[in-house]
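# Coordinates in review
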Amino acid sequence: MLRAPEAGLLDTALTILDRVLLIFIFVELLNTVEIVVREAEISAEPFILIGLIAVVRRILTVTAEIEQSLGTPAFEDLVLELGVLTLLVVALSGALFFTRRVASGD
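Residues numbered from 1 in each chain as written. Predicted model: local features only at pLDDT ≥ 70, side-chain atom pairs only at ≥ 80, totals over all residues. Heavy atoms only, no water.

## A short note on the environment of Phe-24
Under the convention used in this document: Helix and strand assignments come from DSSP, with helices taken as H or I runs of at least 4 residues and strands as E runs of at least 2, each series counted from the N terminus.
Counting through the fold element by element, Phe-24 comes out in helix α2 (residues 9-39). With 29 residues separating them in the primary sequence, Phe-24 and Ile-53 have C-alpha atoms 7.7 Å apart.

Right, dumping it as structure tokens:
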């Protein structure tokens, strides 16, 4: 945050958001390990949430890289990666929905 004037406001905000999401991933992993140890049972839902957080984190990073790579050969690769990440968000969201639906017994 202290380097905001020299790095730019957008880069600083994306860095802070990236770090906060990384902290969420670690906290969720620790929580998942604690649940697995306590209940001696592995549940898919926490791992799907960790995956969603990780994908959103990568989407934010790719979005920032796309803005900086306009007109370069890397632009098309980043757009393709963004499309794949979008499909991954849809797939993980569907998996979370069905996991919760099965768990509730509907």
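Further notes follow.
## Remarks on the nonpolar core
In plain terms, the rule: Take the buried residues of types Ala, Val, Leu, Ile, Met, Phe, Trp, Tyr and Cys, join any two whose side-chain atoms come within 4.5 Å, and each joined set is a nonpolar core. Any residue under 20% of the maximum accessible area for its type is buried, any over 50% is exposed, and the rest in between are partly exposed; the area is computed with a 1.4 Å probe on protein chains only. Contact definition: two residues touch when any of their heavy atoms are within 4.5 Å.
Of all hydrophobic cores here, the largest spans ten residues; its members are Ile-48, Leu-52, Val-55, Ile-59, Val-62, Ile-66, Leu-78, Leu-85, Leu-92 and Leu-96. Listing elements by their share of this core, those giving two or more residues are α3 (44-68) and α4 (74-104). Take this core: its biggest share by element is six residues, from α3. Non-local contacts of Leu-96, meaning those with residues more than four positions away in its chain, are made with Glu-45, Ile-48, Leu-49 and Leu-52.

## Focus: the pattern of salt bridges
Which entries qualify depends on this criterion: Take a side-chain nitrogen of Lys or Arg and a carboxyl oxygen of Asp or Glu: if they are within 4 Å of each other, that pair is a salt bridge.
Counting across every chain of the model gives seven salt bridges. With a closest N to O distance of 2.8 Å, Arg-100 and Glu-45 form a salt bridge. Note that Arg-100 is positioned in helix α4 and Glu-45 in helix α3, a separation of 55 residues in sequence. You can call Arg-100 partly exposed: its relative accessible area is 44%. In the salt-bridge network here, residues are joined through shared partners; they are Asp-18, Arg-19 and Arg-57.

## Some details on the side chain of Glu-28
Cut-off, in case you're wondering: In this tally, Lys and Arg are treated as positive and Asp and Glu as negative; His is ignored, and so are the chain termini.
One can find Glu-28 in helix α2. No salt bridge is formed by the buried Glu-28; its nearest oppositely charged neighbour, Arg-100, is found at 8.3 Å. Not counting residues up to four positions away in its chain, the partners in contact with Glu-28 are Pro-46, Leu-49 and Ile-50.

## Structural notes on the side chain of Ser-69
Along the chain, Ser-69 falls in the loop between α3 and α4. Those residues in contact with Ser-69 that lie beyond four places of it in its chain are Ala-74, Phe-75 and Leu-78.

## Re α4
The condition that has to hold: Residue count minus one, scaled by 1.5 Å, sets the expected span of a helix.
Over its 31 residues, α4 runs 45 Å from end to end, which matches the ideal 45 Å to within 8%, given 1.5 Å per residue. Residues Leu-78, Leu-85, Leu-92 and Leu-96 constitute the buried set of α4. Contact partners of the buried residues in α4: α3. Looking one or two residues past α4, Gly-105 carries a phi angle of roughly 90°, positive in sign.

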